[in-house]
Amino acid sequence: MIEVRGLGKSYIGQDGGVVQALQDVDLTVADNEFLTVLGPSGCGKTTLLKAIAGLIPWNEGDIFIDGSPVRGPGPERSMVFQNFALLPWATVLENVAFGLQMRGVGKTERIERARALIETVGLGEFETKRPGELSGGMQQRVGIARALAVQPSVLLMDEPFGAVDEQTRRLLQEELLSIWEEHRLTVVFITHSMEEAVLLGDRVVLMSARPGRISEIVPVPLTRPRSSDVGALERSGKYVEITAYLWDRLRDMHEERRPAKAGR
Amino acid sequence: MTTATTHRRARGAATTRTGPVEARRPCPPRRLLGANLPYQLLTFAVFAVAWEAYATVWGGLLLPTFTETVGATFQLLGTAELWQAMYVSNQALVIGFAIAVVIGVPLGIVLGRFRALERFADVYLNILLVTPMAAIIPLLMMSVGFGLASRVILVAVFSIVMVVVNSRTGVRQVDPSLIEMARSFGATERQIWTRILFPGALPAIMTGIRLGVGRAVTGMVLVELLMVSAALGGLILEYRGLFRAPMLYGTIVIIVAEALLLISLARWGEHRLTRWSKATTARSTR
Ligand SMILES: Nc1ncnc2c1ncn2[C@@H]1O[C@H](COP(=O)(O)OP(=O)(O)OP(=O)(O)O)[C@@H](O)[C@H]1O
Ligand SMILES: [Mg+2]
């Protein structure tokens, strides 16, 4: 379980001004829940995720994972990056094994576990290729395999499919769903896409900007498993209704900001 | 358009294909010399003929012909004197350059990682870069003497700048999100250095080493010329004193050949170690 209590985080901007990236963020993510986070650009989604990952310090509040406070990165959490963050000099196998290596897993076991995950994400033939030889979708499969290899209970994903094309993105969404249905882990998934947020999530966290806070949490009462027939799901009334609602709310947020900008 | 996938499948198995030919890495010997070889041979031939003609018409005691020089070069290669000199000179080169690499690479990485240090280091790096190094030779001789030590130090001082500056640039070019990624998997600071910063900077480090080798050879010869020693520089001075121009030129030819060989070796190593970076970064190819 992830508990975020009264989280506040401000950055000192380059001009010396203070940017309140997060304010009073309270959030509880249940075990094995798939939580998606949606919000306008710059509302602090990445900041929230990095704080949970233990990669950045914050100013106020606390974060607990299974009751113990977050002081830095931990073995129960792993992360998938928007720009993939693969080592360009290492092969697919070495990249997938990287997290295990950092955690001191021995070579034979490391390779064995990495190979199994490379199979899971369907990259068996590409084990010895380097990232430069792979398409964006394949690179993110490597990123996902690397994150899963360390057998996390919490998977943190920052717009993982933001940099891949539409068709690949749909395939990856289905694959992620079936991986999650099989492995059962807690996922916090950041996205810009309302459709993606609804398709994947048990709940959608809507964030608003300046200061970044949670404006609403929208439950998604769609049946699981969803990976088997994504198409039918997308045509269902509930799916359409929730995405429309999310867009209404997001448009309000954008509209609130527009006159303020024009007035300046 | 269906061919795209078949190509991928067929890669390695079949070698025939249609359409534009994929840029291929030439095998090592060709890569060493490059595709410029025919042009280089041509200019060299023109140069040799011009030299021969000029020296035959106007040459004398001080200017040997091309053929005399070639003859003298081979003659030199047969003498124990040359190999003795080569041994002594290269001792300084090898030790000095090794020191430059062993100190320069970590120093460059540190400077790249901790930018605050820049303020302290920059001025010294600039001094090393622009000072005519010959000027410090008398200084060195006064403080360290005429022995191996001062030659080693000079070679190291000559070449270390290239290694430091390029390693520093290399570290700066490493994608910061890779460091963040490593930290998210619990990497220690040491692991970040060895697993991210060093391999990420390696292409630039190798460039620095290649440029450093050139400067190391310069340093090696210069110090011997100015310090009068038993090594290659000493040979040059000796042949000059005896007005044996062909031998003098032959010695220089051998030094140039050694420098070219070392630089080619460094370039080859650079290509071998850093193939991955070809696609991702465009670096200077000086
Ligand atoms: N390192 C930093 N220094 C200063 N300000 C920062 C820094 N990182 C983020 N910010 C600011 O904090 C706010 C939130 O940034 P964050 O990256 O968390 O937003 P986001 O919701 O992930 O945006 P996007 O959807 O564009 O990825 C933004 O206004 C941003 O400009
Ligand atoms: Mg972001």
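Use the structure listed above.
Residues numbered from 1 in each chain as written. Chains lettered and ligands numbered in written order. Predicted model: local features only at pLDDT ≥ 70, side-chain atom pairs only at ≥ 80, totals over all residues. Heavy atoms only, no water.

1. A word on the interface of chain B and chain A
Of the residues lining the interface, 20 residues belong to chain B; the matching set on chain A comes to 26 residues. Note on chain B versus chain A: buried area summed over both sides is about 2,000 Å², and carbon and sulfur give 65% of it. Applying the counting rule to chain B against chain A returns one salt bridge. The closest approach of N and O atoms between K50 of chain A and E180 of chain B, which form a salt bridge, is 3.3 Å. Seen at the junction of chain B and chain A, the total is four residue pairs in polar contact (both at pLDDT 80 or more). At the level of elements, α1 (3-10), α9 (176-184) and α10 (189-227) of chain B are the ones that each hand at least two residues to the side of chain B that touches chain A. (Contact = heavy atoms within 4.5 Å. Buried area = accessible area lost by both parts, 1.4 Å probe. Salt bridge = Lys/Arg side-chain N within 4 Å of Asp/Glu carboxyl O. Polar contact = N/O pair within 3.5 Å; in protein donor to acceptor, adjacent residues only side chain to side chain. Helix = DSSP H or I, 4+ residues; strand = E, 2+ residues; numbered from the N terminus.)

2. A closer look at the sheet that holds strand β4 (residues 60-65) of chain A
All names here are of chain A. In spatial order, the strands read β2-β1-β4-β5; together these four strands make up an open sheet with antiparallel pairing. Across the chains shown, the open sheet's two edge strands, defined by having one partner strand only, are β2 (18-29) and β5 (68-69). With eight bridges connecting them, strand β1 (residues 2-12) and β2 associate as antiparallel partners. The residue of β2 that forms the bridge with I12 is V18. (Pairing = 2+ DSSP bridges.)

3. Considerations on the environment of V80 of chain A
Residue and element names in this part refer to chain A. Summarising the element assignment, V80 is placed in strand β6 (residues 77-80). V80 sits in the buried class, given a relative accessible area of 0%. If we skip the residues at most four places from it in the chain, V80 touches Q140, G143, I144, A147, L155, L156, M157, D158 and P160. (Buried < 20%, exposed > 50% of the residue type's maximum accessible area, 1.4 Å probe, protein only.)

4. Observations regarding the site of ligand 1
All names here are of chain A. Taken together, 13 residues surround ligand 1, and among them S41, G42, K45, T46 and T47 come closest. Between an oxygen atom of ligand 1 and a main-chain N or O atom of G42, the distance comes to 2.8 Å. H192 has a polar side-chain atom sitting 3.1 Å from an oxygen atom of ligand 1. Compared with its free state, where it exposes 630 Å², ligand 1 has 65% of that area covered by protein. Contributing elements (two or more residues each) for the shell around ligand 1: β1, β2 and α1 (45-53). Tallying contributions element by element places α1 first for the shell around ligand 1, with three residues. Classifying every residue of the shell around ligand 1 by side-chain character gives five nonpolar, six polar and two charged. (Near = heavy atom within 4 Å. Areas by Shrake-Rupley, 256 points an atom, 1.4 Å probe, with all protein chains shown as cover. Nonpolar A, V, L, I, M, F, W, Y, C, P; charged D, E, K, R; others polar.)

5. Notes on the environment of R226 of chain A
Residue and element names in this part refer to chain A. Within the fold, R226 resides in the loop between β10 (213-219) and α7 (230-235). Here R226 is in contact with L177, E181, V198, L199, L200, G201, D202, V220 and L233, once residues within four sequence places are set aside. Within the local environment of R226, its side chain forms a polar contact with the backbone oxygen of L199, the two atoms lying 2.8 Å apart.

6. Brief notes about helix α3 (residues 37-58) of chain B
All names here are of chain B. Spanning 22 residues, α3 covers 31 Å between terminal C-alpha atoms, matching the ideal 32 Å at 1.5 Å per step. Taken as a whole, α3 has its buried residues at A48, W51 and A55. In a view along the axis of α3, the buried residues occupy a sector of 70°, so they form one face of it. Projecting away from the buried face of α3 at angles above 90 degrees are the exposed residues P38, Y39, L42, T43, V46, V49, V57 and W58. Looking at the packing, one finds that the buried side of α3 touches α4 (66-77) and α12 (245-273). (Expected span 1.5 Å × (residues − 1). Arc of directions from axis to C-beta.)

By themselves, these observations are geometric and do not establish any function.
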